[in-house]
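Now for the letters of each chain:
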Amino acid sequence: MIWGIGPALLYPTGTHPFLGTGTFSIGPTVVVLEQIGGLTVGVLMNQLWSVYIEDHRKSFSQLFLQPFIAYTLKTHTTFTFSSEASANWNTSGDAKWTVPLIFQVSQILKIGKQPISVQIGGKYYADYPRYGPNWGVRLNLTLFYRTARPKPGAVAGTYVK
């Protein structure tokens, strides 16, 4: 089992009230996962509370919950089912939860010498606030780069490119 715990921070960078909370928020984050062969199962969770609020904004309290299950084949193809649920505790009624159910497929491959990961997925929103989305699509492209490795016998902290 792999686990971790630490702080989660939200810094207000939105330039318009619709683009952010207008608060500096902090809270705990926890991740727990298990890997067995090609199967990975786990959950990531954080809770944020506002500690600094702009004058014209409201207090912020939000839970983020990301359960996931992924299976990777020997061909480096991964199938993932997850959610990225959030609950805004300061909202009442039906607007409190946003719960997308997400299915994704990704593949690691090379273009020339460059390793990349290509991912496509769909989202169905099982619960969403009024005027929220009820479906979505996700497309990702990730480039992988090697990092410098220490030269054998080198002093710790010295690296050779």
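On a predicted model such as this, the values are computed, not experimentally measured, just so you know.

A.B. asks: Hey, could you run me through the overall build of the protein in this one?
C.D. replies: A count of helices and strands for the protein gives zero helices and nine strands. Listing each helix as α and each strand as β along the protein from the N terminus yields β-β-β-β-β-β-β-β-β. Expressed as a percentage of the 161 residues in the protein, the buried residues total 25%. Contacts in the protein between residues at least 24 apart in sequence constitute 41% of all its contacts with a sequence separation of at least 6. Summed over its atoms, the accessible surface of the protein is roughly 11500 Å², and 64% of this surface lies on carbon and sulfur atoms.

A.B. asks: What exactly am I supposed to notice about the environment of P7 here?
C.D. replies: With respect to the helices and strands, the residue P7 is situated in strand β1 (residues 2-10). For P7, a relative accessible area of 63% puts it in the exposed group. C-alpha separation for the pair P7 and Q47, spaced 40 residues apart in sequence, amounts to 9.5 Å.

A.B. asks: Would you take a moment to explain the side chain of S106 for this structure?
C.D. replies: One can find S106 in strand β7 (residues 97-111). Apart from the residues lying within four places of it in its own chain, the contact partners of S106 are H76, T77, T78, S117, V118 and Q119.

A.B. asks: Looking at this structure, how should I read a nonpolar patch on the surface?
C.D. replies: Judged by side-chain polarity, I36, L39, V41, I69, Y71, L73, F79, F81, L101, F103 and Y124 come together as a nonpolar surface patch covering roughly 980 Å² of accessible area. Those elements that place two or more of their residues in the nonpolar patch are β3 (39-53), β4 (61-72), β5 (77-83) and β7. Relative to the elements of secondary structure, F103 occurs in strand β7. On the accessibility criterion, F103 (44% relative accessible area) is partly exposed.

A.B. asks: I tried to follow the pairing of strand β6 (residues 85-88) on my own but got confused; where do I start?
C.D. replies: Pairing analysis gives four bridges linking β4 to β6, with the strands arranged antiparallel. For L63, the partnering residue across the bridge sits in β6 and is A87. Bridge count between β6 and β7: two bridges; the pairing is antiparallel. The residue bridging S86 from the neighbouring strand is T98, located in β7.

A.B. asks: Is there a simple way to think about unusual backbone geometry in this case?
C.D. replies: Where the residue is not glycine, phi is negative for most of them; where a peptide bond is considered, it is trans in most cases. Residues other than glycine seldom take positive phi values, yet H76 does so here, at roughly 70°. With respect to the element layout, H76 can be found in the loop between β4 and β5. Residue class for H76 comes out partly exposed when judged on its relative accessible area of 47%. Its identity is not glycine, yet Y131 carries a phi of approximately 70°, on the positive side. Checked against the element boundaries, Y131 lands in the loop between β8 (114-127) and β9 (135-143).

A.B. asks: Please explain the packing of aromatic side chains as it appears in this structure.
C.D. replies: The tally for this structure, following the rule as stated, stands at one aromatic pair. With a centroid separation of 5.7 Å and an interplanar angle of 85°, the aromatic rings of W89 and W97 are classed as edge-to-face.

A.B. asks: How should the side chain of T78 be read in this particular structure?
C.D. replies: Along the chain, the position of T78 falls in strand β5. The exposure class of T78 is buried, given its relative accessible area of 15%. In this structure the side chain of T78 is engaged in a polar contact, spanning 2.9 Å, whose partner is the side chain of T72. Contacts of T78, omitting those with residues within four sequence positions, involve A70, Y71, T72, Q104, V105 and S106.

A.B. asks: Just to check I follow, could you spell out the environment of A87 for this structure?
C.D. replies: If you trace the backbone, A87 turns up in strand β6. The spatial distance from the C-alpha of A87 to the C-alpha of L65 is 8.6 Å, given a sequence separation of 22 residues. Setting aside chain neighbours within four positions, we find A87 in contact with S61, Q62, L63, K96 and W97.

Parameters at a glance
Residues numbered from 1 in each chain as written. Predicted model: local features only at pLDDT ≥ 70, side-chain atom pairs only at ≥ 80, totals over all residues. Heavy atoms only, no water. Helix = DSSP H or I, 4+ residues; strand = E, 2+ residues; numbered from the N terminus. Buried < 20%, exposed > 50% of the residue type's maximum accessible area, 1.4 Å probe, protein only. Contact = heavy atoms within 4.5 Å. Areas by Shrake-Rupley, 256 points an atom, 1.4 Å probe, with all protein chains shown as cover. Patch = residues over 30% accessible without salt bridge, like charges linked within 9 Å, V, L, I, M, F, W, Y side chains within 5 Å. Salt bridge = Lys/Arg side-chain N within 4 Å of Asp/Glu carboxyl O. Pairing = 2+ DSSP bridges. Phe/Tyr/Trp six-rings, centres within 6.5 Å; stacked < 30°, edge-to-face > 60°. Polar contact = N/O pair within 3.5 Å; in protein donor to acceptor, adjacent residues only side chain to side chain.

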